[in-house]
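# Commentary on secondary and tertiary structure
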Amino acid sequence: MALLSFGKSKDPAPVTVNPQVEAFLKDFSIEVMPRTAEKVEDFKELLPAGTRVYIAHIEGTPIEDMVATAKRLSADGYKVMPHFPARIIKDQATLADWIARYQGEAGVDQALLLAGGVATPHGDFHSSMQLLETGLFGKAGFKRLHVAGHPEGNRDIDPDGSDKNVMDALRWKQTFSDTSDAEMALATQFAFEAAPIIAWADALKEAGITLPIHIGIAGPAKLQTLIKFAIACGVGPSLKVLQKRAKDVTKLLLPFEPTEVLTDLAAHKAANPDFNITHVHFFPLGGIKTNANWAITHGGKSAVPATQS
């Protein structure tokens, strides 16, 4: 095992790097928003060159801010993947305009397509499938398209607690992937326990869903912060990991780190090389700098070339 130093502190504490976790973190991605990106003076001091950076599009964020953030990150050498939330896109003309802006001003050729967390659609679209059906991403030459995955279900899609609608949608997306030139993958909601994640991934494979999975992981953050986001985002059974920790007064004030879930997933991947989780995607709920430092300190390295991603 290698020893790495954490960040640039005056007296860095050595961290023992688990080689399985190091391999699992290769080509990790991370998510930002325009308002959080503005607070980062220089991304090149935080993230390895070539890292995939998703830009979350929250309702009310002007497209100009999204494109400006994409342009900055692209110029710094990152693979930029903006969100396209169907329910906040008014119509096909708006979608075409967004695609053209991202491509023309920032050189973007990949996107995350999702329904979005808006209850009432702003216009013609309500699902990522409708965005795909327009054919606009293919016409624009987008090379990579990710869609959402839900390891612990999604009550917005399946109010009865089943996974029927989610699975129907995934089968549709699998068929689209099989007949499309775009590289596709699932980018998932975050969860805190490996066992349900592994069971979900295995169930997808058994159902014929072979899209690679980029598993969502919440980065280091205060426990209270994670519980708030987990409840708001509908995290399911693995929320008990946080609730159990909250009852331990010796750990209550300590930052929660994703060490255990990543160690377990990495060990499973090492024992099962064909496991369909291929990448880690971080939600930096405790801050971009904190998350980036943690990932790199625990073995996260520069991204592989775009042609292999």
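Residues numbered from 1 in each chain as written. Predicted model: local features only at pLDDT ≥ 70, side-chain atom pairs only at ≥ 80, totals over all residues. Heavy atoms only, no water.

### Here we look at the packing of helix 3 (residues 63–75) against helix 4 (residues 92–106)
Basically, it comes down to this: Axis definition: a line fitted to C-alpha atoms, limited for helices to the stretch in contact. Angles are taken between N-to-C directions and run from 0 to 180 degrees. Per the convention used, a helix needs a DSSP run of H or I reaching at least four residues, while a strand needs a run of E reaching at least two, with both numbered from the N terminus. Small angles under 35 degrees read as roughly parallel and large ones over 145 as roughly antiparallel, with 65 to 115 read as roughly perpendicular and the rest as oblique. Here a crossing is called left-handed whenever its near helix is offset anticlockwise from the far helix by less than a right angle, and right-handed whenever the offset is clockwise. Contact definition: two residues touch when any of their heavy atoms are within 4.5 Å. When residues are grouped by polarity, Ala, Val, Leu, Ile, Met, Phe, Trp, Tyr, Cys and Pro land in nonpolar, Asp, Glu, Lys and Arg in charged, and all others, Gly among them, in polar.
One can describe the packing of helix 3 onto helix 4 by two numbers: an axis separation of 9 Å at closest approach and a directional angle of 30 degrees. Classified by the interaxial angle, the pair formed by helix 3 and helix 4 is roughly parallel. Crossing of helix 3 against helix 4: the hand is right-handed. Along the contact surface, helix 3 presents Ile 63, Glu 64, Met 66, Val 67, Ala 70, Lys 71 and Ser 74, while helix 4 presents Trp 98, Arg 101, Tyr 102, Glu 105 and Ala 106. Classifying every residue of the contact of helix 3 with helix 4 by side-chain character gives seven nonpolar, one polar and four charged.

### Examining the confidence of the model for the protein
Reading predicted coordinates in detail is not appropriate for stretches of low pLDDT. Under the convention used in this document: Each residue gets a pLDDT score, which is the predictor's confidence in that residue and runs from 0 to 100.
Of the residues in the protein, 82% have a pLDDT of 70 or more, and the chain-wide mean is 86. In this model residues 1–12 is a low-confidence stretch, pLDDT under 50, and it forms 27 contacts with partners more than four residues away in sequence or in other chains. Note that pLDDT drops below 50 for residues 302–309; the model gives that stretch 18 contacts with residues more than four away or on any other chain.

### Some thoughts on the packing of aromatic side chains
For clarity, the threshold we go by: Here the aromatic set is Phe, Tyr and Trp, taking the six-membered ring for Trp, and pairing holds for ring centres within 6.5 Å; pairs whose planes are under 30 degrees apart are stacked, those over 60 apart are edge-to-face, and all others are tilted. Only protein chains enter the calculation, and the probe is 1.4 Å; a residue is then buried if its accessible area is under 20% of its type maximum, exposed if over 50%, and partly exposed in between.
Tallied over the entire structure, the rule returns ten aromatic pairs. With a centroid separation of 5.6 Å and an interplanar angle of 70 degrees, the aromatic rings of Phe 190 and Phe 192 are classed as edge-to-face. Classification of Phe 192 as buried rests on a relative accessible area of 6%. Ring centres of Phe 282 and Trp 294 lie 6.2 Å apart, and the angle between their planes is 75 degrees; this geometry places the pair in the edge-to-face category. In this pair, Phe 282 is assigned in strand 10 (residues 277–283) and Trp 294 in helix 12 (residues 288–297), connecting sequence segments twelve residues apart. Trp 294 carries the same exposure label as Phe 282, and that label is buried. Taken together, the ring pairs in this structure connect Phe 84, Trp 98, Tyr 102, Phe 137 and Phe 142 into an aromatic cluster.

### Here's the deal with the pattern of salt bridges
What counts is decided by this rule: Salt-bridge detection follows one rule: a side-chain nitrogen of Lys or Arg within 4 Å of a carboxyl oxygen of Asp or Glu.
Across all of its chains, the model carries six salt bridges by this definition. Here Arg 101 and Glu 64 are joined by a salt bridge, their closest N and O atoms 3.1 Å apart. Of this pair, Arg 101 sits in helix 4 while Glu 64 sits in helix 3, and the two are 37 residues apart along the sequence. Classification of Arg 101 as partly exposed rests on a relative accessible area of 24%. Between Lys 164 and Asp 168 there is a salt bridge whose closest N-O contact spans 3.1 Å.

### Some thoughts on the sheet that holds strand 4 (residues 52–55)
To be explicit about the condition: A pair of strands counts as paired when DSSP detects no fewer than two bridges linking them.
With parallel pairing, the eight strands of this closed barrel are ordered in space as 3-4-5-6-7-8-9-10. Mean inter-strand twist for the sheet, computed between neighbouring axes without regard to direction, equals 30 degrees. Examined bridge by bridge, strand 5 (residues 79–85) and strand 6 (residues 110–114) share three bridges and lie parallel to one another. Looking at the pairing, Phe 84 lines up with Leu 113 of strand 6. In the packing of helix 3 onto the sheet, the strands contacted are strand 3 (29–32), strand 4 and strand 5, and the crossing angle to strand 4 comes to about 170 degrees.

### Let's talk about the side chain of Thr 51
Here is the rule we go by: N or O atoms within 3.5 Å of each other form a polar contact, as long as, within protein, one can give a hydrogen and the other can take it, and as long as residues adjacent in sequence are counted only when both atoms are side-chain atoms.
With respect to the helices and strands, Thr 51 occurs in the loop between helix 2 (34–37) and strand 4. Polar contacts involving the side chain of Thr 51 include one to the main-chain carbonyl oxygen of Pro 48, which spans 2.7 Å.

### Looking at the pairing of strand 3
Here strand 3 shows two buried faces, one formed by Ser 29 and Glu 31 and the other by Ile 30 and Val 32. Inspection of the sheet shows strand 3 paired to strand 4 by four bridges, in the parallel sense. Among the inter-strand pairings, Ile 30 is bridged to a residue of strand 4, identified as Val 53.

### Some details on the environment of Leu 46
Mapped onto the fold, Leu 46 is located in the loop between helix 2 and strand 4. In this structure, the C-alpha to C-alpha distance between Leu 46 and Ile 296, residues 250 residues apart in sequence, is 8.8 Å. Once residues lying within four places of it in the same chain are set aside, the contact partners of Leu 46 are Val 40, Ile 288, Lys 289, Ala 292 and Ile 296.

### Quick notes on helix 4
Convention followed: Helix span, expected: 1.5 Å multiplied by one less than the number of residues in the helix. The directions from the helix axis to the C-beta atoms form the arc being described.
Taking 1.5 Å of rise per residue, 15 residues should cover 21 Å, and helix 4 covers 21 Å from first to last C-alpha, within 8% of that figure. Turning to helix 4, its buried residues number three or more, namely Leu 95, Trp 98, Ile 99, Tyr 102 and Ala 106. The buried residues of helix 4 occupy one face: seen down the axis, they fall within an arc of 95 degrees. Exposed positions of helix 4 whose direction lies more than 90 degrees from the buried face are Ala 93 and Gly 104. Where helix 4 is buried, its residues touch helix 3, strand 5, helix 5 (128–133) and helix 6 (136–139). N-cap assignment for helix 4: the residue whose side-chain oxygen lies 3.3 Å from the backbone N of Ala 93 is Asp 91. A positive phi of about 65 degrees marks Gly 107, the residue just after helix 4.

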